[in-house]
Amino acid sequence: EPHKIPITILSRCQRHDLRRISIESVSKHLAWLCQQEHIEIAEESLNLIARESGGSMRDALSLLDQVITCAEGAITHEQILDILGIIDRAILFDISSAIFKGEVSKILDILTEIYDHGHNLKELYSDLIEHFRNLLVVKMGKKVNKLVDVPAHETALMAEQIRSVSEIYLTRVLDILFKEESAVQFSSQPKLALEMVFIRMFQSKPVLPIDVLIEKIDSLKKGVYEPSPNAAEIRDAENGWNTPERRETPKPARISHDDAEIKSTPYMPPEPITPPLPSAQAHAPAFNPDDSLDEIWAKLLNAISKASPSLGAILPKCSLSAVSGEKLEIEVSGNGFFVERINKNESLIRKVCDAFFGKKMELVIKAKTNPQAQEDFREKKSREETLKDEAVKNPLVTAALEIFGGRVVNVKVL
């Protein structure tokens, strides 16, 4: 905690900030020492010792000395695992491979084997989170050597393992593992908690990337809005386009099995089918000038509901306040959501009103005021201000402010 040391002392001292050493640097130094001492040990084992040291050269030398003292002859990888009591890195690759293949039973077998050997499952879970984090960084492929502190051969194994795995899926797995970390770390039964994490992981459905979803939506829109040739011919017949007067209209080129050459003529595709605008004849009963406002609103509401059922479900909260000449006023009651929704559909309401009245109508939409609600709100605010003043002037509050030298920041009325 160098920030706690006075400047007068720091100015008379040499300060050395110790940083973590990379696993590759630690492993190379251990290999050089073993070569000088004529000790046979595999590079994979040295990488394991370097990783276990946590970036400290002193701890790495202590672990290496412990291994040399407890082993006889050539030091094998299995001996190091038994002496140091750590989990082989290959198990992490086995678990990740089983996750990518969807083999939950294989994962449960690996966890049972690790548990039977007496290894710490909580440390395994921490290593697994770091492993999937490294897999994701390798998949993104930017500054891998700087962001992933593993030996070069292990980075190559990661790249090979995730070659056919999407970045979205890796992010999803890492997110699940990270969210369940506290459940595993603080569980009295870490094996069961760890098994539930993987079971829940395989039960959740995979998520499609956003670009794939957009592509599927575009394909769906094309299938909905682009009519087939048969539908176009039927519409031509319904609209009278196959009459003698319309037959001279250029048609799309047709391919004949007997012709070796395709002849084309200019062709303008027909416009997409759009629903006809609501008309006064389509909605009965029609507008009657002698009707009351309530009767006119009931008929108009019926016409709007037929044109847009979703909008018709909101309009019962509205009322017709005035109809005069070519002007129409609609009052909207309720919260701001209804007002905003009706304003967005103003063009549709205007078209229905024009068709219903048989002329161009000026539409006015306004929110309905509630005088009683406004009066209640003002009374509530006044009552709150009175209670706040009484609380500030309370003798106990005044005495507390004088004793502690404080001030009133805020007063809440519950």
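See above for the structure.
A quick note: this is a predicted structure, and the numbers were derived from the prediction, not measured.

Remarks on the packing of aromatic side chains
Inference 1: The final tally for this structure, using the stated rule, is three aromatic pairs.
Inference 2: On the numbers, 6.0 Å between centres and 75° between planes, the contact of Phe100 with Phe132 is edge-to-face. Remark: Phe132 occurs in helix α8 (residues 121–140) and Phe100 occurs in helix α6 (residues 89–101); sequence separation between them is 32 residues.
Inference 3: With relative accessibility at 0%, the residue Phe132 sits in the buried group.
Inference 4: On the numbers, 5.1 Å between centres and 90° between planes, the contact of Phe356 with Phe357 is edge-to-face. Across the pair, Phe357 and Phe356 agree in class, each one buried.
Inference 5: Among the aromatic residues, those joined into a cluster by ring pairs are Phe100, Phe132 and Tyr169.

Some points on the sheet that holds strand β1 (residues 318–324)
Inference 1: Strand order in the open sheet formed by three strands is β1-β2-β3, and the pairing between neighbours is mixed. Where the open sheet ends on each side, the last strands, each with one partner, are β1 and β3 (362–367). The sheet shows a mean angle of 20° between the axes of neighbouring strands, direction not considered.
Inference 2: As defined by bridge partners, β1 adjoins strand β2 (residues 327–332) across six bridges and the pair is classed as antiparallel. Paired with Val323 across the two strands is Leu328, which belongs to β2.
Inference 3: Packing against the sheet, helix α16 (residues 293–307) makes contact with β1 and β2, and its axis sits at approximately 115° to β1.
Inference 4: Those strands touched by helix α19 (residues 346–357) are β1, β2 and β3, and its axis lies near 130° from that of β3.

Describing the nonpolar core
Inference 1: Residues Ile95, Ile99, Leu124, Phe132, Leu177, Leu194 and Phe198 are the most contacted members of the largest nonpolar core, which totals 38 residues.
Inference 2: Listing elements by their share of this core, those giving two or more residues are α6, α7 (104–116), α8, α11 (167–179) and α13 (190–203).
Inference 3: The dominant element in this core, judged by the number of residues it contributes, is α8, at ten residues.
Inference 4: Ranked by size, the runner-up nonpolar core spans 23 residues in total, among them Ile296, Ile342, Val352 and Met361.

A short note on the side chain of Glu195
Inference 1: Take Glu195: it is sitting in helix α13.
Inference 2: Since its relative accessible area comes to 15%, Glu195 is described here as buried.
Inference 3: For Glu195, the contacting residues outside a window of four places in its chain are Leu108 and Leu111.

Conventions and cut-offs
Residue positions are given per chain, counting from 1 as you read along its sequence in written order. Where totals are concerned, whole chains, interfaces and linings use all residues; where local detail is concerned, this predicted model gives features only for residues with pLDDT of at least 70, and gives and counts side-chain atom pairs only at 80 or more. Computation of side-chain values covers all heavy atoms of the structure but excludes hydrogens and water. Between rings of Phe, Tyr and Trp, where Trp is taken as its six-membered ring, a pair exists when centres lie within 6.5 Å; planes separated by under 30 degrees are stacked, by over 60 edge-to-face, and by other angles tilted. Secondary structure is summarised from DSSP: a helix means a run of H or I of at least four residues, a strand means a run of E of at least two, and numbering begins at the N terminus for each. Each residue is placed in one exposure class: buried if its accessible area under a 1.4 Å probe, protein chains only, is under 20% of its type's maximum, exposed if it is over 50%, and partly exposed if it falls in between. Pairs of strands are assigned from DSSP output, requiring at least two bridges between the strands. Angular values range over 0 to 180 degrees, each being the angle between N-to-C directions of two axes fitted as lines to C-alpha atoms, with helices fitted over their stretch in contact. The contact definition used throughout considers only heavy atoms, calling two residues in contact when any of these lie within 4.5 Å. Only buried Ala, Val, Leu, Ile, Met, Phe, Trp, Tyr and Cys residues count toward a nonpolar core, and they belong to the same one when joined by side-chain atoms within 4.5 Å.

The analysis is restricted to geometry; functional conclusions fall outside its scope.
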